[in-house]
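One letter stands for each residue in the lines below.
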Amino acid sequence: MKTGLVLGGGAVRGLAHIGVLKVFERNGIKIDRIAGTSMGGAIGGLYAAGVPAGAIEEKILNTPKYRLLDMGIRHRGLLAGNAVHQVINELLHQHSKQGVPIEQLPIEFKAIAVDLMCGQQVVLDHGDLGTALRATTAFPGVFAPLMEDGRMLVDGGVLNNLPVEEALEEGGECFIIAVDVAREHEKKPPRNMVEVVYRSYGLMAAGRRHVSLKKADYVIRPEVGYYASFDYTKAAECIKAGEEAAERCLEELRQHIEPQQSRVV
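Residues numbered from 1 in each chain as written. Predicted model: local features only at pLDDT ≥ 70, side-chain atom pairs only at ≥ 80, totals over all residues. Heavy atoms only, no water.

Draft legend 1. Fine view of the overall build of the protein chain. Of the regular secondary structure elements, the protein chain holds nine helices and eight strands. Residue burial in the protein chain is summarised as follows: out of 265 residues, 54% are buried. For the protein chain, long-range pairs separated by at least 24 residues make up 77% of all intrachain contacts whose partners lie at least 6 apart in sequence. When the accessible surface of the protein chain is totalled, it reaches about 11600 Å², and 52% of it is carbon and sulfur. (Helix = DSSP H or I, 4+ residues; strand = E, 2+ residues; numbered from the N terminus. Buried < 20%, exposed > 50% of the residue type's maximum accessible area, 1.4 Å probe, protein only. Contact = heavy atoms within 4.5 Å. Areas by Shrake-Rupley, 256 points an atom, 1.4 Å probe, with all protein chains shown as cover.)

Here is the structure:
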């Protein structure tokens with residue numbers, strides 16, 4: 001039986017996925033399939049391409065925050081439109097993965113986007129990886145949409161922030177681990193326009209997320225709910241939270257995964 005990993009969107013909180021993957025790497029947890037949305041799509045796609053979790057962490061922590069965040073945000077400005085995409089491309093280039101099509105990645109991968117022209121979800125599972133990751137991280141009102149083949153692609157979290165069903169669609173038995181970094185609704189007011197937009201979309205997608213969680217075989221929930229969506233100064237804390245959550249689950253996960261893998265062998 002294969003092991004699938006579903007990585008949800010959560011902006012900065014999604015960096016917790018890096019910590020989860022670091023623990024999996026250290027402990028020999030083999031992942032055969034990844035589906036991701038937004039930050040989960042970006043990190044999942046890089047990992048599926050063979051970029052180690054530690055390398056992703058190092059790049060994020062050593063990238064100046066002004067490259068990720070337009071400091072005008074406090075004046076209701078927007079995030080730099082291509083900053084995350086540039087970081088992704090730099091990592092792919094450094095690890096000789098740039099230009100590799102998704103169908104040739106060592107780990108099966110799907111990124112989720114939404115086509116604003118028809119209002120439907122788009123599953124990106126073939127073609128250029130960098131383009132797919134650009135689409136899945138294009139959060140509306142924050143990053144510019146990706147125009148491709150008559151489609152206007154934006155962050156898949158608009159409709160589906162935890163693509164468990166998409167990870168199951170390939171057929172065959174698969175044990176699905178979902179990493180949920182979404183924040184439940186809070187009463188503290190948003191700090192700026194970006195957080196207003198992000199929270200609004202989060203509320204709209206909450207129903208489908210809860211349905212998706214029920215379809216996963218195992219759910220890891222890093223404790224990142226109190227970090228603001230776009231506070232990149234908390235990147236290290238989010239990564240650590242993911243690491244701690246995965247460590248807490250490790251023995252239980254092994255009880256589920258190792259018997260299945262030994263059966264295949």
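Draft legend 2. Structural detail: the environment of Leu 124. Positionally, Leu 124 belongs in strand E4 (residues 120–124). For the pair formed by Leu 124 and Ala 113, sequence separation is 11 residues and the distance between their alpha carbons is 7.3 Å. Not counting the four nearest positions on each side in its chain, Leu 124 is found in contact with Ile 102, Phe 109, Lys 110, Ala 111, Ala 113, Ala 132, Ala 135 and Arg 151.

Draft legend 3. Main features of the side chain of Arg 33. Residue placement: Arg 33 occurs in strand E2 (residues 33–37). For Arg 33, a relative accessible area of 4% puts it in the buried group. A distance of 3.0 Å separates a polar atom in the side chain of Arg 33 from a polar atom in the side chain of Glu 108. (Polar contact = N/O pair within 3.5 Å; in protein donor to acceptor, adjacent residues only side chain to side chain.)

Draft legend 4. Spotlight on the packing of aromatic side chains. Taken as a whole, this structure holds one aromatic pair when the rule is applied. Between Tyr 226 and Tyr 227, the ring centres sit 4.9 Å apart and the planes meet at 70°, which makes this aromatic pair edge-to-face. (Phe/Tyr/Trp six-rings, centres within 6.5 Å; stacked < 30°, edge-to-face > 60°.)

Draft legend 5. Main features of the nonpolar core. Counting residues in each nonpolar core, the largest one holds 67 residues, and the members touching the most others are Leu 5, Leu 15, Phe 24, Ile 34, Phe 109, Ile 220 and Leu 253. Other than its neighbours up to four places away in sequence, Leu 253 contacts Phe 24, Phe 175, Ile 177, Tyr 218 and Ile 220. Counting residues in each nonpolar core, the second largest holds 10 residues, with Val 6, Cys 174, Ile 176 and Ala 178 among its members. (Core = buried A, V, L, I, M, F, W, Y, C linked by side-chain atoms within 4.5 Å.)

Draft legend 6. Broad picture of the packing of helix H2 (residues 39–48) against helix H6 (residues 129–136). For the pair H2 and H6, interaxial distance at closest approach is 8 Å and the crossing angle is 165°. By the angle between their axes, H2 is roughly antiparallel relative to H6. In terms of crossing hand, the pair formed by H2 and H6 is left-handed. Residues Gly 41, Ala 42, Gly 45 and Leu 46 of H2 touch H6, and the partners they reach there are Leu 129, Leu 133 and Thr 136. Here the residues of the contact of H2 with H6 are counted per class, giving four nonpolar, three polar and no charged. (Axes fitted to C-alpha atoms, helices over the stretch in contact; angles between N-to-C directions. Parallel < 35°, antiparallel > 145°, perpendicular 65-115°, else oblique. Left-handed = near helix turned anticlockwise from the far one by under 90°. Nonpolar A, V, L, I, M, F, W, Y, C, P; charged D, E, K, R; others polar.)

Draft legend 7. Looking closely at the pairing of E4. When strand E3 (residues 108–115) meets E4, the two strands line up antiparallel, connected through five bridges. Residue pairing for E4: Val 114 is matched across the bridge by Gln 121. Adjacent in sequence and paired antiparallel, E3 and E4 are bridged by four residues, among which Gly 119 carries a positive phi angle near 70°. (Pairing = 2+ DSSP bridges.)

Draft legend 8. Layout of the packing of helix H1 (residues 16–26) against helix H3 (residues 53–62). Packing of H1 against H3 leaves a shortest axis separation of 8 Å and a crossing angle of 150°. The element H1 and its partner H3 pack so that their crossing is left-handed. Facing Ile 18, Leu 21, Lys 22 and Glu 25 of H1, the residues of H3 in contact are Ala 53, Gly 54, Ile 56, Glu 57 and Ile 60. Across the contact of H1 with H3, the residue classes tally to five nonpolar, one polar and three charged.

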